[in-house]
Amino acid sequence: GNGSRHIVVYRNPLDVCLSFFKFFEGWFFGPGEVSLDAFARAFWLRRGEPSSELENASFFHHLLSWWPHRHDESVLLLFFEDLKRDLAGSVDRIAKFIGTPDYDDA
């Protein structure tokens with residue numbers, strides 16, 4: 001390997017869809033122009049495997065692409081909800097994963 005480390009964060013798909021919708025609302029479409037349901041069906045759920053390196057993968061394609069690597073030493077798979085629930089523990093886990101000396105000693 002090349003020594004790279006990968007931190008992959010999964011999040012509840014419903015929360016991701018709503019966050020994505022809020023991000024686009026007012027930027028790509030005006031408030032109230034597109035319902036959350038229409039956005040989810042026509043845009044978010046229709047995205048699939050990217051056809052080029054310039055195209056984004058779907059949320060689910062992204063999740064599935066990392067799942068086989070979940071036990072790799074160079075991959076740390078985290079859940080957004082766990083990060084929020086235990087920030088200090090998550091920071092410790094990430095620090096150990098990337099090889100950071102104990103920051104309490106600094």
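Before reading further, recall that the structure is shown in the block above.
Residues numbered from 1 in each chain as written. Predicted model: local features only at pLDDT ≥ 70, side-chain atom pairs only at ≥ 80, totals over all residues. Heavy atoms only, no water.

Participant: Talk me through the nonpolar core; I want residue IDs and the actual numbers.
Facilitator: Formed by 14 residues in total, the largest nonpolar core has its most connected members in Val8, Tyr10, Cys17, Phe29, Phe39, Trp44 and Phe59. Elements with a contribution of two residues or more to this core: strand E1 (6-10), helix H1 (13-24), helix H2 (36-44), helix H3 (59-66) and strand E2 (75-79). By residue number, the principal contributor to this core is H1, which donates four residues. In this structure Phe29 touches Phe21, Phe24, Val34 and Phe39, once residues within four positions along its chain are discounted. (Core = buried A, V, L, I, M, F, W, Y, C linked by side-chain atoms within 4.5 Å. Buried < 20%, exposed > 50% of the residue type's maximum accessible area, 1.4 Å probe, protein only. Helix = DSSP H or I, 4+ residues; strand = E, 2+ residues; numbered from the N terminus. Contact = heavy atoms within 4.5 Å.)

Participant: Any chance you could break down the environment of Ile7 for me, citing the residues and the numbers?
Facilitator: If you trace the backbone, Ile7 turns up in strand E1. By relative accessible area, Ile7 is classed as partly exposed at 40%. Separated by 85 residues in sequence, Ile7 and Asp92 have C-alpha atoms that sit 13 Å apart. Ignoring sequence-local partners within four residues, the contact set of Ile7 consists of Leu76, Leu78, Ile94, Phe97 and Ile98.

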